[in-house]
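The chain contents come next:
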Amino acid sequence: MKKAIAQKPYRHYQGGHCESGSVSSVVTNYGFDLSEPMAFGISSNIGFVYLPFVKIWGRPLISWRMLRQSIVKGVQKRLGIKFCIKTYDYNQEEEAMKELDRLLDEGKPVGIQGSVAYLKYFLGEFRIPNNSHMTIVTGKEGDEYLINDPLWDHMTRVHRDDLKMARFSRGPQAPKGFMFYPLEFPETIDYKKAIRKSIKRVLFMMLQPMFPYYGILGIKTFARMIQRLQKNPNTKFVRGLFYHIVLFQEEVGTGGGGFRYIYAAFLREAYDILKIPELLEASKKFVAIGDKWRLAASTCGKFIQGKTDEVDLEKTAQLYRECAEEEKAAYLLLKKIKWK
């Protein structure tokens, strides 16, 4: 193992997703070249879950990726990069901020989790109570922290009081002061082994045959729910549910189509390393799958905006069913790979 040393000055990288972008940016700025697609894919983060019995803001939990913090931990597990990962109790807010100050004084950029609601560089309606946002603190000037958020194309600033509230916001997926930064990097990495394990984990989760709320079965269950809305006469309820779906699919945490594009880029990078034809073919399929998810979300745009009281629920449900079938075909293609 070799010690991770922060590079100066910090080089800003814009990404497609907050956690994968933060992990990639921090690791790269400590001297280890790691792309965002590789960080996302190697941690087996693509997925789908629809849990109607678990509520977020009064609506069903829907996600197109694994739990927050799983990219940090997945990269550590698969690539052997040793991170310092810390969380704090609510009575340790000042301790957490002092620890952050100490690391910044030592010239060490730090990845953190926080609530978007208190990060004022998010504007207007985008500043929602989402506790799972990841970003990077790279310095401090007076009472302001320098933030190199991967979702922005430039450095931003946050006041100390706001950053403390963001790090210790309560509610679902509360960050509890979560922070991370790399300590050591391995001398060599067996990318074939890491990529094989990461893809097999995704296949196990997405093709699982029993639980109807996860993976391919979960997408089909979700599509059936959309179709059953035809029997619901409450237009206000349906519009609110669709707003929730599109918000999580396309706005909060990159969403369905966005994650499929990132996974496609990972498979292309894996092909460049291993030269396995199925990886390239599956990469192309995931680009088309991402387009299909985006199309499904866009079918309800005017309905959500209140410009019409009509929406073709059968068409929308069919698009989601097609997403399920196309993803299944892509995963079955990856399953055919003879790794030996």
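Below, the structure is looked at part by part. From a predicted model like this one, the values you see are computed outputs, not experimental measurements.

Cut-offs used in this document
Residues numbered from 1 in each chain as written. Predicted model: local features only at pLDDT ≥ 70, side-chain atom pairs only at ≥ 80, totals over all residues. Heavy atoms only, no water. Axes fitted to C-alpha atoms, helices over the stretch in contact; angles between N-to-C directions. Helix = DSSP H or I, 4+ residues; strand = E, 2+ residues; numbered from the N terminus. Parallel < 35°, antiparallel > 145°, perpendicular 65-115°, else oblique. Contact = heavy atoms within 4.5 Å. Nonpolar A, V, L, I, M, F, W, Y, C, P; charged D, E, K, R; others polar. Salt bridge = Lys/Arg side-chain N within 4 Å of Asp/Glu carboxyl O. Disulfide = S-S within 2.5 Å. Buried < 20%, exposed > 50% of the residue type's maximum accessible area, 1.4 Å probe, protein only. Polar contact = N/O pair within 3.5 Å; in protein donor to acceptor, adjacent residues only side chain to side chain. Core = buried A, V, L, I, M, F, W, Y, C linked by side-chain atoms within 4.5 Å. Expected span 1.5 Å × (residues − 1). Phe/Tyr/Trp six-rings, centres within 6.5 Å; stacked < 30°, edge-to-face > 60°. Lys NZ or Arg CZ within 6 Å of the ring centre and 35° of its normal.

1. Concerning the packing of helix 7 (residues 215–228) against helix 12 (residues 313–335)
Here helix 7 crosses helix 12 at 175°, and the two axes come no closer than 8 Å. The angle between helix 7 and helix 12 falls in the class roughly antiparallel. On helix 12, the residues that touch Ile216, Ile219, Lys220, Phe222, Ala223, Ile226 and Gln227 of helix 7 are Leu313, Glu314, Thr316, Ala317, Tyr320, Arg321, Ala324, Glu325, Glu327, Lys328 and Tyr331. Across the contact of helix 7 with helix 12, the residue classes break down as 10 nonpolar, 2 polar and 6 charged.

2. What to know about the pattern of salt bridges
By the definition in use, this model includes 16 salt bridges. For lysine 220, the salt bridge identified is with glutamate 325, shortest N-O distance 3.0 Å. Separated by 105 residues along the polypeptide, lysine 220 in helix 7 and glutamate 325 in helix 12 bring together distant segments of the chain. A salt bridge links glutamate 322 to lysine 292, with the shortest nitrogen-to-oxygen separation between them at 2.8 Å. In this pair, glutamate 322 is assigned in helix 12 and lysine 292 in helix 10 (residues 277–298), connecting sequence segments 30 residues apart. Three or more residues joined by partner-sharing salt bridges are found here, namely Glu99, Arg102, Glu106 and Lys108.

3. Regarding the state of the cysteines
For the coordinates displayed, the defined rule picks out 0 disulfides. There is no disulfide at cysteine 18, and the cysteine sulfur nearest it, in cysteine 84, is 20 Å away. The class for cysteine 84 is buried, based on a relative accessible area of 17%.

4. Remarks on the environment of threonine 135
Structurally, the position occupied by threonine 135 is in strand 6 (residues 133–141). With relative accessibility at 2%, the residue threonine 135 sits in the buried group. Taking the C-alpha atoms as reference points, threonine 135 and alanine 194, separated by 59 residues in sequence, lie 26 Å from one another. At 3.1 Å, the side chain of threonine 135 and the side chain of aspartate 149 are in polar contact.

5. Topic: the nonpolar core
Residues Val23, Val75, Ile199, Ile226, Leu279, Phe286 and Leu334 are the most contacted members of the largest nonpolar core, which totals 109 residues. Ignoring anything within four residues of it in the chain, the contact list for phenylalanine 286 reads Ile46, Arg260, Tyr263, Ala264, Leu267, Ala330, Tyr331 and Leu334.

6. Quick look at unusual backbone geometry
Residues lysine 8 and proline 9 are joined by a peptide bond in cis, for which omega reads -5°. By secondary structure assignment, the location of proline 9 is in the loop between strand 1 (2–3) and helix 1 (18–29). Non-glycine residue glutamine 173 carries a positive phi angle of around 55°. Along the chain, glutamine 173 turns up in the loop between helix 5 (160–167) and strand 9 (179–185). A relative accessible area of 38% places glutamine 173 in the partly exposed class.

7. Let's talk about helix 7
Taking 1.5 Å of rise per residue, 14 residues should cover 20 Å, and helix 7 covers 20 Å from first to last C-alpha, within 8% of that figure. Every buried residue of helix 7 is accounted for by Gly215, Ile216, Gly218, Ile219, Thr221, Phe222, Ala223, Met225 and Ile226.

8. Digging into the side chain of serine 198
Among the structural elements, serine 198 can be located in helix 6 (residues 191–206). Residue serine 198 is classed as buried on the basis of its relative accessible area of 0%. Within the structure, serine 198 has its side chain in polar contact with the backbone oxygen of isoleucine 195 (distance 2.8 Å). Those residues in contact with serine 198, other than ones at most four positions away along the chain, are Gly41, Ile42, Ser44, Arg78 and Phe266.

9. Concerning the packing of aromatic side chains
Tallying each qualifying case throughout the model produces 21 aromatic pairs. Geometrically, the ring pair formed by tyrosine 90 and phenylalanine 168 is edge-to-face, given 6.4 Å between the ring centres and 65° between the ring planes. Of the two residues, tyrosine 90 sits in the loop between strand 4 (82–86) and helix 4 (93–105) while phenylalanine 168 sits in the loop between helix 5 and strand 9, which places them 78 residues apart along the sequence. Centroid distance phenylalanine 211 to tyrosine 213: 5.5 Å. Interplanar angle 70°. Geometry classified as edge-to-face. A network of ring pairs unites the aromatic residues Phe48, Tyr50, Phe53, Trp64, Phe211, Tyr213, Phe222, Trp293 and Tyr320 as a single cluster. Its guanidinium or amino end placed over the ring of tyrosine 90, arginine 170 lies 3.9 Å from that ring's centre, counting from NZ or CZ. Over the ring of tyrosine 271 we find lysine 275; its NZ or CZ atom is 5.4 Å from the centre of that ring.

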